[in-house]
Every structure is written in structure tokens, then in C-alpha cells.
Amino acid sequence: MALEKDVDCPACGETHAFYRTAATTLHLGEKTKWRCPECGFGYVEINGINTLPA
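Please read these numbers as outputs of a predicted model, since none were measured by experiment.

Q: Requested: an account of the sheet that holds strand S3 (residues 29-35), with residues and values cited.
A: Read from one edge of the open sheet, five strands run S1-S2-S3-S4-S5, paired in antiparallel fashion. Of all strands in the sheet, those with a lone pairing partner are strand S1 (4-8) and strand S5 (49-50), marking the two edges. As paired elements, S1 and strand S2 (residues 15-26) share five bridges and run antiparallel to each other. The partner of Glu-4 across the bridge, within S2, is Tyr-19.

Q: Requested: an account of the environment of Thr-32, with residues and values cited.
A: Following the sequence through the fold, Thr-32 ends up in strand S3. Note: C-alpha distance between Thr-32 and Ala-22 (10 residues apart in sequence) is 5.8 Å.

Q: Please give an account of the packing of aromatic side chains that cites residues and values.
A: What characterises a pair of aromatic rings is the spacing of the ring centres plus the angle enclosed by the ring planes. Applying the stated criterion to the full structure yields one aromatic pair. For the pair Phe-18 and Tyr-43, a centre-to-centre distance of 5.6 Å together with 55° between the ring planes defines the contact as tilted. Here the residue Phe-18 occupies a position in strand S2, and Tyr-43 occupies one in strand S4 (residues 42-46), the gap between them amounting to 25 residues. Both residues of the pair, Phe-18 and Tyr-43, belong to the buried class.

Q: Tell me what's going on with the pattern of salt bridges, and back it up with residues and numbers.
A: Under the definition given, this model contains one salt bridge. Glu-45 is the salt-bridge partner of Lys-5, the closest N and O atoms lying 2.8 Å from each other. Here the residue Lys-5 occupies a position in strand S1, and Glu-45 occupies one in strand S4, the gap between them amounting to 40 residues. Owing to a relative accessible area of 27%, Lys-5 belongs among the partly exposed residues under this scheme.

Calculation rules
Residues numbered from 1 in each chain as written. Predicted model: local features only at pLDDT ≥ 70, side-chain atom pairs only at ≥ 80, totals over all residues. Heavy atoms only, no water. Pairing = 2+ DSSP bridges. Helix = DSSP H or I, 4+ residues; strand = E, 2+ residues; numbered from the N terminus. Phe/Tyr/Trp six-rings, centres within 6.5 Å; stacked < 30°, edge-to-face > 60°. Buried < 20%, exposed > 50% of the residue type's maximum accessible area, 1.4 Å probe, protein only. Salt bridge = Lys/Arg side-chain N within 4 Å of Asp/Glu carboxyl O.

Structure follows, in C-alpha cells:
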């Protein structure tokens, strides 16, 4: 899995390279936490489903 990916940060309003801060395997699949290095905004992703605002 990649250690960074480009995401539109809802807090900054710009696209930044989010960094993977943690990952673990659950019964639902792999849970990954991502964080924006510019503002510290973070979100969680489980099997490709994320908690980012729509």
C-alpha cells in the first residue's frame, strides 16, 4: 500500500499529498488513517470507503 496519496483537503481547500499515519486489519478489511501535512486534517478509510465529506 502507498504511504501517500493526493486528496482534496476539505480544511485547506486544496489538493495535498496525505500521508498514511496508521494501518490495521479488521474483520471489515484494512483500516487506514490519513493526515494532511499542511493543516493536520485527518480521515479514516476502510476498504476504500472513507470518512471524507461528500
